[in-house]
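Architecture at a glance
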Amino acid sequence: MPGLLRGVARTAVVAGTATAVSNRVSRRQAGRWAQQDAAAAEQYAPPPPAPAPAAPTAGDDMSSKIAQLKELGQLKEQGVLTEEEFAAQKSRLLAL
């Protein structure tokens, strides 16, 4: 009888240990998969939509262009811009 009890106890210990190890491996693997899924979802997520540009009012747009033209004129007077550069920048600004 003692040999039978020892065999049953040994089987219970081995089965309990195997179950504990198996559960730990399963939890660790599930955690890794969850991290991989989160990283993949983050990597392939579409970018958020860009905010719509605010429509400038006519008065603000014109005053902005006038201020930029004055600044260009000052740069030309200081010798920073040549006549050709000034004309190119002025035509680009007025074309907007």
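Residues numbered from 1 in each chain as written. Predicted model: local features only at pLDDT ≥ 70, side-chain atom pairs only at ≥ 80, totals over all residues. Heavy atoms only, no water.

1. Side note on the overall build of the protein chain
Scanning the protein chain from N- to C-terminus turns up three helices and zero strands. Along the protein chain, from the amino end to the carboxyl end, the secondary structure elements read α-α-α. Relative to its full complement of 96 residues, the protein chain shows a buried share of 6%. (Helix = DSSP H or I, 4+ residues; strand = E, 2+ residues; numbered from the N terminus. Buried < 20%, exposed > 50% of the residue type's maximum accessible area, 1.4 Å probe, protein only.)

2. Things to note about the pattern of salt bridges
The final tally for this structure, using the stated rule, is one salt bridge. Note that lysine 76 and glutamate 83 form a salt bridge whose closest N and O atoms lie 3.0 Å from each other. For glutamate 83, a relative accessible area of 45% gives the class partly exposed. (Salt bridge = Lys/Arg side-chain N within 4 Å of Asp/Glu carboxyl O.)

3. Looking at the packing of aromatic side chains
For the coordinates displayed, the defined rule picks out zero aromatic pairs. Sitting above the plane of the phenylalanine 86 ring, lysine 76 keeps its charged end 4.9 Å from the centroid. (Phe/Tyr/Trp six-rings, centres within 6.5 Å; stacked < 30°, edge-to-face > 60°. Lys NZ or Arg CZ within 6 Å of the ring centre and 35° of its normal.)

4. A closer look at a positive patch on the surface
Positive charge collects at one region of the surface, where Arg24, Arg27, Arg28 and Arg32 lie side by side. Mapped onto the fold, arginine 32 is located in helix α1 (residues 2-43). (Patch = residues over 30% accessible without salt bridge, like charges linked within 9 Å, V, L, I, M, F, W, Y side chains within 5 Å. Areas by Shrake-Rupley, 256 points an atom, 1.4 Å probe, with all protein chains shown as cover. Lys, Arg positive; Asp, Glu negative; His and termini not counted. Charge placed at Lys NZ, Arg CZ, Asp CG, Glu CD.)

5. Notes on the confidence of the model for the protein chain
For the protein chain, the mean per-residue pLDDT works out to 80, and 79% of the residues sit at or above 70. Looking at the elements of the protein chain, mean pLDDT is at its lowest for α1, recorded as 82, and at its highest for helix α3 (residues 83-95), recorded as 88. (pLDDT = per-residue confidence, 0-100.)

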